[in-house]
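# What the coordinates show
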Amino acid sequence: MKVMILNNSGNVGKSFLARELFYFNMQNVCDDVALIEIETHNSASSKFNIDTIKISGRELNTLYKQLLINDCAVVDVGASNIIALFEELAKNDVNNIIEEIDYFVVPVTNKSKIQDDTLKILLALIELGVPREKIKVVFNAVDDIKQMNAFIQKASKIVDINENLVIPEYQYLNEIEKMGITTYQLANSEKDYKALAKEAYKQGDIEKGDKYADLSLMKGSAKKISEKLKEIFEYFKK
């Protein structure tokens, strides 16, 4: 399986989906998964001790070779590089890239500007020649799909919309990532953070105790997030 996650907008959850929805879940069905970041600024995933392949939007040849080398790959396109990438795609035989990618995943939120940008990228993908059935919209940080009705009506004229691909907004998501750990890593950690917190407090290390206490509290939320993402990933396996 190979997927590309992209949108014109930043702060829409592209890297979150790349890591949490695809990279970790694909490891259960693939021997090895490549996480390719098309980004010229800071890596969004390497800070979580995840090995990434970082290239720019101008390095289409490198992207193509990585897609040929890896049977399973997640391509996270940074908003700062999407114009360059599309310019390169337009100048070359885009069918070579399209054939290698199973799904072009476009996340969207309930923000009006992001929805407008999402409609533009959907049209751009169609104009590039990406088959309608390969384009998937994922609703991120959306608690009620009904609030997306106006967007869905517009987007449905461009691509097929699956209203089951909805990720709610989770209370502790940002706090978990600020701890330098992914939700998947926290949810699957074998560490007893509650016991570690108690031990740290006994030793008078309040800072470490507070950190472990927070991780203990947030582990339940991380499990809920991971379970939901695993459920959504099943739609991409079909």
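Scroll up to find the structure.
For the structure given in this document, a descriptive report is provided here. Note that residues are indexed from 1 along each chain, following the sequence as it is written. Predicted model: local features are reported for residues with pLDDT of at least 70 only, side-chain atom pairs are reported and counted for 80 or more only, and whole-chain, interface and lining totals are derived from all residues. Neither water nor hydrogens contribute to the side-chain values; these are computed over all heavy atoms in the structure.

### Describing a negative patch on the surface
- Like charges are joined within 9 Å and nonpolar side chains (Val, Leu, Ile, Met, Phe, Trp, Tyr) within 5 Å, but only among residues with over 30% relative accessible area and no salt bridge; these make up the patches. Shrake-Rupley sampling with a 1.4 Å probe provides the accessible areas, and residues are treated as covered by the protein chains on show and by no other component. By convention in these notes, a salt bridge is any Lys or Arg side-chain nitrogen within 4 Å of a carboxyl oxygen on Asp or Glu. Counting rule applied: Lys, Arg positive; Asp, Glu negative; His and chain ends not counted. Where a charge lies is defined by one atom per residue type: Lys uses NZ, Arg uses CZ, Asp uses CG and Glu uses CD. Where like charges cluster on the molecular surface, the negative patch consists of D205, E207, D210 and D214.
- Structurally, E207 can be placed in helix α10 (residues 206–237).
- Between buried and exposed lies partly exposed: a residue is buried under 20% and exposed over 50% of the maximum accessible area for its type, with that area taken using a 1.4 Å probe on protein chains only. On the basis of relative accessibility, which here comes to 69%, the residue E207 falls in the exposed class. Secondary structure elements follow DSSP: runs of H or I of four or more residues count as helices, runs of E of two or more count as strands, with numbering from the N terminus.

### Some details on the sheet that holds strand β1 (residues 2–5)
- Spatially, seven strands are ordered β3-β2-β4-β1-β5-β6-β7 in an open sheet, and the strand pairing comes out parallel. The open sheet is flanked by β3 (53–55) and β7 (166–167), the only strands paired with a single partner.
- Strand direction decides the pairing type here: strand β5 (residues 103–108) and strand β6 (residues 135–140), joined by five bridges, are parallel. Its bridge partner lying in β6, V108 is registered against F139. By this definition, two strands are paired if DSSP reports at least two bridges between them.

### Considerations on helix α5 (residues 112–128)
- Given a helix with a known number of residues, its expected span is that number minus one, times 1.5 Å. Compared with an ideal rise of 1.5 Å per residue, which puts 17 residues at 24 Å, α5 spans 25 Å between its outermost C-alpha atoms and is within 8% of the ideal.
- I114, Q115, D117, T118, L119, I121, L122, L125 and L128 are the residues of α5 that are buried.

### Some words on the side chain of E88
- Here E88 shows up in helix α3 (residues 82–91).
- Beyond its immediate chain neighbours, meaning those up to four positions away, E88 contacts G57, R58 and L60. Any two residues having at least one pair of non-hydrogen atoms within 4.5 Å are treated as being in contact.

### Examining the pattern of salt bridges
- Under the definition given, this model contains nine salt bridges.
- Salt bridges sharing common partners tie together R58, E87, E88 and K91.

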